[in-house]
Amino acid sequence: MTGSGSPHPWLGPDEAAPVALTVNGTALEVRVPPRRTLADALRDAGCTSVRLGCEHGVCGTCTILLDGSAVRSCLMLAVQGQGHHIETVESLAGGDGLGPLQQAFDDNDALQCGFCTPGFLMLIESLMRSEPGAGEERVREVVSSNLCRCTGGGPVVAAAQQALASNRDGR
Ligand code: FES
Ligand code: FES
């Protein structure tokens, strides 16, 4: 109910609210119940690179960028995205195919089943922007916050180092 007779226009748990997002540079208005997560809203809007693993903030597969910083979209409500700039893996590709970070993953065989890969890509993209000089120890520390049940951690670290080095060299 919309609270007719109430001083507050509160929504019921299943009533949809309009939420204005910017997703990968494009304005997007979605209508979502207030309890719907940002991860679910993004998937419903076609950003199916956003993967859900644990759904409670542990695994990191749902990592996206919010105003340039890595966040776990399963821990945010869609309504909290109002007015924010969201980036997902769909933004990483270059005009001719894979972007540099995606190519580094391919070069280093940094994926097995690939379910966790979108989260790693966005986590490392955030690191490349905030700490372009990050060394191996820092890469290992950051990458360890996401889980890969295929135990592909070594190649992910190698891919991140390749991408950071390419970035520094302007390649
Ligand atoms: S699905 Fe979000 S942290 Fe696991
Ligand atoms: S590649 Fe399989 S969970 Fe990461």
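Definitions and limits used
Residues numbered from 1 in each chain as written. Chains lettered and ligands numbered in written order. Predicted model: local features only at pLDDT ≥ 70, side-chain atom pairs only at ≥ 80, totals over all residues. Helix = DSSP H or I, 4+ residues; strand = E, 2+ residues; numbered from the N terminus. Contact = placed C-beta atoms within 7 Å. Pairing = 2+ DSSP bridges. Axes fitted to C-alpha atoms, helices over the stretch in contact; angles between N-to-C directions. Domains from an automatic or database assignment. Nonpolar A, V, L, I, M, F, W, Y, C, P; charged D, E, K, R; others polar.

## Section: the environment of Cys148
Piece 1. Its location among the elements puts Cys148 in the loop between helix 4 (136-143) and helix 5 (153-169).
Piece 2. As a C-alpha pair, Cys148 and Ala160 span twelve residues in sequence and 15 Å in three-dimensional space.
Piece 3. The residues contacting Cys148, other than those within four sequence positions of it, are Cys116, Gly153 and Val156.

## Some points on the sheet that holds strand 2 (residues 26-32)
Piece 1. In spatial order, the strands read 2-1-5-3-4; together these five strands make up an open sheet with mixed pairing. At either end of the open sheet lies a strand with only one pairing partner, and these are strand 2 and strand 4 (69-72). Across this sheet, the average inter-strand angle for adjacent strands is 40°, counted without regard to direction.
Piece 2. Bridge analysis of strand 1 (residues 17-23) against strand 2 gives seven bridges, and the strand direction is antiparallel. Bridge pairing in strand 2 places Val19 opposite Val30.
Piece 3. Sheet strands touched by helix 3 (residues 117-130): strand 3 (63-66) and strand 4. Its angle to strand 3, the strand with the most contacts, is close to 35°.

## A few points about the domain arrangement of the protein chain
Accessible area lost during the coming together of the parts is what is often quoted as the interface size.
Piece 1. Domains assigned within the protein chain are domain 1 (17-91) and domain 2 (100-169).
Piece 2. Centre-to-centre separation of domain 1 and domain 2, based on C-alpha positions: 21 Å.
Piece 3. Contacts between domain 1 and domain 2 engage 14 residues on the former and 13 residues on the latter.
Piece 4. The set of elements that each furnish at least two residues to the side of domain 1 that touches domain 2 consists of strand 3 and strand 4.
Piece 5. If one sorts the elements of the side of domain 1 that touches domain 2 by residue count, strand 3 sits on top with three residues.
Piece 6. Split by residue class, the side of domain 1 that touches domain 2 holds seven nonpolar, six polar and one charged.

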